[in-house]
Amino acid sequence: MATIGAGTTYTLNPGAISNTTGVFTGLATGTYTITFVTSTGCTGAVSPDPVVTASAFPTSTASTAAATCPGVNDGTVTVAPVGAGTTYTLNPGAITNTTGVFTGLGAGTYTVTFVTAAGCTGTVPTNPVVTAGAAPTGTATASSTSCPSLNDGTVIVASVGSGATYTLNPGAITNTTGVFTGLGTGTYTVTFVTAAGC
C-alpha cells in the first residue's frame, strides 16, 4: 500500500498486526482492514478493504515409457519439472524424489502429487499409464531322426537376442544357443527368457 507519511503506524486486522511500513506479509486468503495513526495523531482507514486471494493449485504433466514386456518392471514415468526444490510422490508405491523421474515400473496406472519449495501442493491431473510391450515369440525348425530307433533329431530355435536362455520340454533341457540335439521322435515345446527378463 502507499505510505501516508513518515511516523505513521499501520494496523492490520484480523490479527492486530502493527508496523510503520504498511507492508504485511505471510497472510492467508481473506479480507482485511487496515487502520493507521499519523505522526500528528490523526486516524484513518484504508478503503476499499484489501482482499488476499489464492492462486490456483499448481499442476504438471507426465510422460511415460513402456515396460519391455508383461512382468518386467522397466517402465518409466517422467514428470515435467515444476521448479527447483519440488518433491514428487508416485503411487502406488509412495515413491518420492526431487527429480520427477520414476524408473523400474511395471505396467499400470499411476498418480503423481508434488509439493513445491514454497509449500504448495499439486497434482498431475491426467494419471500416467505405463503400458507393456507384447510378450516375445520365436520360431523353431526340426530335423528328423535317421530312423525310428535313433535319438539324433535336432530342434533349432531362431535367435531372439543375445543373452536369451532357451528351455526344451519334455526333458527340461536348457541352453543359451537354442540348438537342441540328440532328440528322439516326438513333439516338443520351447520356452525362453530374454536378457531383459521377458
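Residues numbered from 1 in each chain as written. Predicted model: local features only at pLDDT ≥ 70, side-chain atom pairs only at ≥ 80, totals over all residues. Heavy atoms only, no water.

### Some remarks on the nonpolar core
Across soluble globular proteins, nonpolar side chains show a tendency to be buried alongside one another.
Now for step 1: Formed by V77, V79, Y88, L90, F102, L105, Y110, V112, F114, V124 and V130, the largest nonpolar core amounts to 11 residues.
Now for step 2: Only β8 (75-79), β9 (87-91), β11 (101-105) and β13 (111-115) provide two or more residues apiece to this core. (Core = buried A, V, L, I, M, F, W, Y, C linked by side-chain atoms within 4.5 Å. Buried < 20%, exposed > 50% of the residue type's maximum accessible area, 1.4 Å probe, protein only. Helix = DSSP H or I, 4+ residues; strand = E, 2+ residues; numbered from the N terminus.)

### With respect to the side chain of T89
Now for step 1: Its place among the elements puts T89 in strand β9.
Now for step 2: Of the polar contacts made by the side chain of T89, one reaches the side chain of T96; its length is 3.2 Å.
Now for step 3: Setting aside its immediate chain neighbours within four residues, T89 contacts A94, I95, T96, F102, T111, V112 and T113. (Polar contact = N/O pair within 3.5 Å; in protein donor to acceptor, adjacent residues only side chain to side chain. Contact = heavy atoms within 4.5 Å.)

### Considering the sheet that holds strand β1 (residues 9-13)
Where strands meet in a sheet, backbone hydrogen bonds hold them as pairs that are either parallel or antiparallel.
Now for step 1: Across the sheet, which stays open at both edges, the four strands sit in the order β2-β1-β4-β5 with antiparallel pairing between neighbours. Of all strands in the sheet, those bounded by a partner on one side alone are β2 (17-19) and β5 (43-45). Adjacent strand axes in the sheet meet at a mean angle of 20 degrees when their direction is disregarded.
Now for step 2: Direction of pairing for strand β4 (residues 33-37) relative to β5: antiparallel, over a ladder of three bridges. From the neighbouring strand, F36 faces β5, where its bridge partner is G44. (Pairing = 2+ DSSP bridges. Axes fitted to C-alpha atoms, helices over the stretch in contact; angles between N-to-C directions.)

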